[in-house]
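Per-entry structural report
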Amino acid sequence: MEQVHENGHALTHRILEPDACREIAELYDRAELFRATVDMARHRFGAGEYRYFADPVPEPIAALRASCYPHLLPIARTWAERLGRPAPWPDTLAEWLTMCHEAGQLRPTPLLLRYGPGDWNALHRDLYGELVFPLQVVIGLDEPGVDYTGGEFLLVEQRLRAQSRGTAIPLPQGHGLIFTTRDRPIRSTRGWSAAPVRHGVSTVRSGRRRTLGLVFHDAT
């Protein structure tokens, strides 16, 4: 996880095999599994579409989310310590989601995203309420360069008294990208400072790009 501390993001090993990627991607057409569908062009978020899973989140997705959480938790706590912030996150995702629900954040946030030629996602942050987990994961469900071209994952970090830094990351099929939800600690002359980070997706030039997004706090 040193790459996450160093850069605010890191690719994981393969989390899902190709067959599992296809099975999850095909859930997109089962409308009964979702609580909301967002047309990005309509809301001026970019172009393309995504869907938030309804409660209960399908077991494979819920299991992935729960298994990722303990690996990210030590990073979250370290970042909070460096920035002098509270670290309210308990040891399990179930406990954390209970806290979210008690705070009125009741809606599940795992989502499937689907892009075609010309689609893209504007730079943004996934903040859905007062309770926020500082890291999230996106998993590629299609193979870049084979199923689609373009569509790199974008991160833009606002650096203290300096120009912003942009990073474009191809997302291999079945691999996850850990990245910053809101901001991350970077070293400064006075210790640690918070660097705001936004993320998005570059324009898909051809084919179809589908991803699974795992956010670790629920929404109001």
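Only a predicted model underlies this, so the values are computations on that prediction, with no experimental measurement involved.

Scanning the protein from N- to C-terminus turns up 4 helices and 15 strands. Its C-alpha radius of gyration of 17 Å places the protein within 12% of the 17 Å reference for a compact globule of 220 residues. Carbon together with sulfur atoms contributes 49% to the accessible area of the protein, which is approximately 10900 Å² in total. Across the protein, 26 positive and 26 negative side-chain charges occur, with their mean positions spaced 8 Å apart.

Counting 38 residues, the largest nonpolar core has Phe133 and Leu212 as its most contacted members. Counting residues per element, the ones that place at least two in this core are helix H2 (18-26), helix H3 (59-83), helix H4 (93-102), strand E7 (135-140) and strand E15 (209-214). Broken down by element, the residue count for this core peaks at 10 residues, all from H3. In this view, Phe133 contacts Tyr69, Leu72, Leu73, Ala76, Trp89, Trp96, Thr181, Phe216 and His217; residues no more than four positions away in its chain are not counted. Counting 21 residues, the second-largest nonpolar core is a separate cluster that includes Tyr50, Tyr128, Val138 and Phe153.

Of the two faces of strand E9 (residues 153-157), the one lined by Phe153, Leu155 and Glu157 is fully buried and the one lined by Leu154 and Val156 carries no buried residue. Pairing of E9 with strand E10 (residues 165-169) involves 5 bridges; the strand directions are antiparallel. Residue pairing for E10: Val156 is matched across the bridge by Gly166.

What follows deals with empty space enclosed by the protein. Within this structure, the stated rule accounts for 2 cavities of 30 Å³ or more. Taken as a whole, the largest cavity spans an internal volume of roughly 70 Å³. Lining the largest cavity are Asn7, Gly8, His9, Leu155, Val156, Glu157, Arg165, Thr167, Thr180, Arg184 and Val197. Listed by contribution, the elements that provide at least two residues to the lining of the largest cavity are E9 and E10. For the lining of the largest cavity, the element with the highest residue contribution is E9, accounting for 3 residues. Here the residues of the lining of the largest cavity sort into 3 nonpolar, 5 polar and 3 charged. When its volume is computed, the second largest cavity comes out at roughly 40 Å³. For the second largest cavity, the full set of lining residues is Ala25, Tyr28, Leu112, Leu113, Arg114, Leu141, Arg210 and Thr211. Every element with two or more residues in the lining of the second largest cavity is listed here: strand E5 (111-115) and E15. Of all the elements, E5 adds the most residues to the lining of the second largest cavity, at 3 residues.

Take the layout of surface pockets next. Take a probe with the size of a water molecule and roll it over the atoms, and the empty space left behind shows itself. In this structure, the largest pocket encloses a volume near 360 Å³. Looking at the largest pocket, it is lined by 25 residues, and the ones nearest its centre are Leu113, Asn121, His124, Asp126 and His199. Mapped by element, the contributors of at least two residues to the lining of the largest pocket are strand E4 (49-53), E5, strand E6 (120-124), E7, strand E13 (191-201) and E15. Partitioning the lining of the largest pocket into residue classes produces 16 nonpolar, 7 polar and 2 charged.

A pair can form between side chains of opposite charge whenever their charged atoms are brought close. Enumeration over the complete set of coordinates arrives at 11 salt bridges. When the shortest N-O distance is used, the salt bridge between Arg30 and Glu32 registers 3.2 Å. Judged by its relative accessible area of 57%, Glu32 falls in the exposed class. We note a salt bridge from Arg85 to Asp183, for which the minimum N-O separation is 2.9 Å. Within this pair, whereas Arg85 is found in the loop between H3 and H4, its partner Asp183 is found in strand E12 (residues 183-188), the two being separated by 98 residues in sequence. For Arg85, a relative accessible area of 35% gives the class partly exposed. Accessibility expressed as a relative area gives 11% for Asp183, which makes it buried. Look at the salt bridges and you will find they share partners, linking Glu157, Arg159, Arg165 and Arg184 into a network.

What counts as what
- Residues numbered from 1 in each chain as written.
- Predicted model: local features only at pLDDT ≥ 70, side-chain atom pairs only at ≥ 80, totals over all residues.
- Heavy atoms only, no water.
- Helix = DSSP H or I, 4+ residues; strand = E, 2+ residues; numbered from the N terminus.
- Rg over C-alpha atoms; globule rule 2.2 N^0.38 Å.
- Areas by Shrake-Rupley, 256 points an atom, 1.4 Å probe, with all protein chains shown as cover.
- Lys, Arg positive; Asp, Glu negative; His and termini not counted.
- Charge placed at Lys NZ, Arg CZ, Asp CG, Glu CD.
- Core = buried A, V, L, I, M, F, W, Y, C linked by side-chain atoms within 4.5 Å.
- Buried < 20%, exposed > 50% of the residue type's maximum accessible area, 1.4 Å probe, protein only.
- Contact = heavy atoms within 4.5 Å.
- Pairing = 2+ DSSP bridges.
- 1 Å grid on protein atoms, 1.4 Å probe; cavity = no way out; pocket = protein on both sides within 12 Å on 5 of 7 lines; lining within 4 Å.
- Points joined across faces, edges and corners; volume = space filled by probe spheres on them.
- Nonpolar A, V, L, I, M, F, W, Y, C, P; charged D, E, K, R; others polar.
- Salt bridge = Lys/Arg side-chain N within 4 Å of Asp/Glu carboxyl O.

In short, geometric facts, not functional conclusions.
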